[in-house]
Amino acid sequence: MAPGTGRGAGAAPRSVDVARLAGVSQKTVSRVMNDEPYVSADVRRRVLAAAEELGYRSNNAARALASGRTRSIGVVTLGTALYGPASLLMGIERAVRDTGYALRVVNTVEGESTGIAGAVDSLLDQGVDGIVISEPIDEEDGADLSARVDVPVLVLGAPPPFVAPHVVTAGIVSSRLARAATEHLLELGHATVHHLAGPQRWYSARDRLEGWRAALAAHGRAEPPVVQGDWSAASGYAAGRALAEDPGATAVFAANDDMAIGLIRALTEAGRRIPEDISVVGFDDTPVAAYVTPPLTTVRQPFDAMARTGLRLLVHAIENPQAPPLPMSDPPVELVVRASSSAPPR
């Protein structure tokens, strides 16, 4: 408990707590935080020191509105052109626009240890009413945001745990889609399915690996060694050159479409026909997946539906802080079967 506040450690500090610790009135705290004149240097110093000690954050933009809200939503997302994160961000942008809220985006950088914490700080400084965490990667050092997040938060994926007034989650679990892709190949008659995994710092890559393993275990099939790529077609191509040397490989589930496309190129160059000799299934259903040779069987991610559902939950939490969260259901799994998968060779 912060000294003199009389409040629980999990509660966000308020201006009255700063006033009590600094020995001034709440109005004086407001004047200091709004950088108003007629406050002595000593009082200003005491108020700012107390605010820093308590972790108090002024929300000047919100105070400027009679409603107490800025009608803006902040998004924390990885700064990348990869299809999945970029498509989800576009879905979020469309969904936020439909709610009548403004959107503020802060990108993180892969490998930056305080990426999420810094991004959240930036958005809270801008006075957002709610935050969407769409960060797909483990951070080097877990960031403790429990004392700083004082607005509702929507989690898309599985970032580090933290405490906020309302935390809602939305989105389809990648393991369900990965399991469906793997079971499709098993149901075609393949004895087992190889997996070309994504980088394991990504939550979605681990989920897809888990779904692949669960499908093989449920069907009592052997688990081949995992080959790991980095989401790029080049890494898929490298994996394909290695798998082409395994005559027992008849089916591969790749953790995204780009790696699947690179994989098919390498297998074809090695003389392995797709799908007559080896079947390939991807993940995402990127726009190009239907136009490669052969057209790629894949599982489609419902980015727009995920964003719409999540934003509906977040806006409800913002506008109805005392109400229970809205119910939600998982979207259906959509397997798009094309020409890259078939029964195994006789």
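### Focus on the overall build of the chain
- What the chain contains, in helices and strands, is eleven helices and eleven strands.
- Burial analysis of the chain (346 residues in total) assigns 49% to the buried set.
- When the accessible area of the chain is evaluated, it comes to approximately 15,700 Å², of which 52% is carbon and sulfur surface.

### Things to note about the pattern of salt bridges
- Scanning the model with the defined rule gives twelve salt bridges in all.
- In the salt-bridge network here, residues are joined through shared partners; they are Asp-285, Arg-300, Glu-334 and Arg-338.

### Notes on helix H2 (residues 26-33)
- Buried within H2 are the following residues: Thr-28, Val-29, Val-32 and Met-33. Viewed end-on, H2 has its buried residues packed into an arc of 135°, placing them on one side of the element.

### Quick word on the packing of helix H5 (residues 83-99) against helix H11 (residues 303-319)
- Packing of H5 against H11 brings their axes to within 8 Å, and their N-to-C directions diverge by 45°. The orientation of H5 relative to H11 falls into the category oblique. Relative to H11, the crossing made by H5 is right-handed. Contacts between H5 and H11 pair Tyr-83, Gly-84, Ser-87, Leu-88, Gly-91, Ile-92, Arg-94, Ala-95, Val-96 and Thr-99 from the former with Phe-303, Asp-304, Met-306, Ala-307, Arg-308, Leu-311 and Val-315 from the latter.
- When the residues that make up the contact of H5 with H11 are grouped by side-chain class, the tally is ten nonpolar, four polar and three charged.

### Description of the side chain of Arg-208
- The topology assignment puts Arg-208 in helix H8 (residues 203-218).
- Among buried charged residues, Arg-208 stands out as having no salt bridge; its nearest opposite-charge side chain is Asp-284, 4.3 Å away.
- Of note is the side chain of Arg-208, whose polar atom sits 2.6 Å from the backbone oxygen of Ala-255.

### A closer look at the nonpolar core
- Ile-92, Val-132, Phe-253 and Leu-311 are the most contacted members of the largest nonpolar core, which has 36 residues in total.
- Looking at this core, the element that brings in the most residues is H11, giving eight residues.
- Formed by 24 residues, the second largest nonpolar core is a distinct cluster that contains Ile-137, Ala-255, Leu-263 and Val-292.

### Looking at the confidence of the model for the chain
- Overall, the predicted model of the chain reaches an average pLDDT of 86, with 86% of residues at or above 70.
- Between residues 1-9, whose pLDDT stays under 50, and residues either more than four places distant or in other chains, the model counts 14 contacts.
- Long-range and interchain partners of residues 60-67, a stretch whose pLDDT sits below 50, account for eleven contacts in this model, where long-range means more than four residues apart.

### Examining the sheet that holds strand E4 (residues 153-156)
- Read across the sheet, five strands follow the order E2-E1-E3-E4-E5 without closing on themselves; strand pairing throughout is parallel. Each edge of the open sheet is held by one strand with a lone partner, namely strand E2 (102-108) and strand E5 (167-170). Averaged over all neighbouring strand pairs, the angle between strand axes comes to 20°, with direction disregarded.
- With four bridges connecting them, E4 and E5 associate as parallel partners. Bridging across to E5, Leu-154 finds its partner in Val-168.

### Some words on the sheet that holds strand E11 (residues 334-336)
- Spatially, the six strands line up as an open sheet ordered E7-E6-E8-E9-E10-E11, and their pairing is mixed. Two strands bound the open sheet, and with one partner strand each, they are strand E7 (227-228) and E11.
- One ladder, built from three bridges, connects strand E6 (residues 194-197) with strand E8 (residues 251-254); its direction is parallel. Residue pairing in the sheet places Leu-196 in a bridge with Ala-254 of E8.
- Taken strand by strand, helix H10 (residues 257-269) contacts E6, E8, strand E9 (279-284) and strand E10 (297-300), and its axis lies near 160° from that of E9.

### Let's talk about the pairing of E9
- Taking burial as the measure, the six residues of E9 include six buried ones, the bulk of the element.
- The pairing of E8 with E9 spans three bridges and is classified as parallel. The residue of E9 that forms the bridge with Ala-251 is Ser-279.
- As for the winding sense of the linkage, the β-α-β connection from E8 through H10 to E9 is right-handed.
- In this structure, E9 lies alongside E10, joined through four bridges in parallel fashion. Of the residues in E10, the one forming a bridge with Phe-283 is Val-299.

### Let's talk about the environment of Pro-165
- Note that Pro-165 resides in the loop between E4 and E5.
- Considered as a pair, Pro-165 and Val-149 are 16 residues apart in the sequence and their alpha carbons are 8.0 Å apart.
- Those residues in contact with Pro-165 that sit more than four places away from it in its chain are Val-149, Asp-150 and Val-151.

Reading the values: the criteria
Residues numbered from 1 in each chain as written. Predicted model: local features only at pLDDT ≥ 70, side-chain atom pairs only at ≥ 80, totals over all residues. Heavy atoms only, no water. Helix = DSSP H or I, 4+ residues; strand = E, 2+ residues; numbered from the N terminus. Buried < 20%, exposed > 50% of the residue type's maximum accessible area, 1.4 Å probe, protein only. Areas by Shrake-Rupley, 256 points an atom, 1.4 Å probe, with all protein chains shown as cover. Salt bridge = Lys/Arg side-chain N within 4 Å of Asp/Glu carboxyl O. Arc of directions from axis to C-beta. Axes fitted to C-alpha atoms, helices over the stretch in contact; angles between N-to-C directions. Parallel < 35°, antiparallel > 145°, perpendicular 65-115°, else oblique. Left-handed = near helix turned anticlockwise from the far one by under 90°. Contact = heavy atoms within 4.5 Å. Nonpolar A, V, L, I, M, F, W, Y, C, P; charged D, E, K, R; others polar. Lys, Arg positive; Asp, Glu negative; His and termini not counted. Polar contact = N/O pair within 3.5 Å; in protein donor to acceptor, adjacent residues only side chain to side chain. Core = buried A, V, L, I, M, F, W, Y, C linked by side-chain atoms within 4.5 Å. pLDDT = per-residue confidence, 0-100. Pairing = 2+ DSSP bridges. Right-handed = clockwise from strand over helix to strand, strands pointing away.

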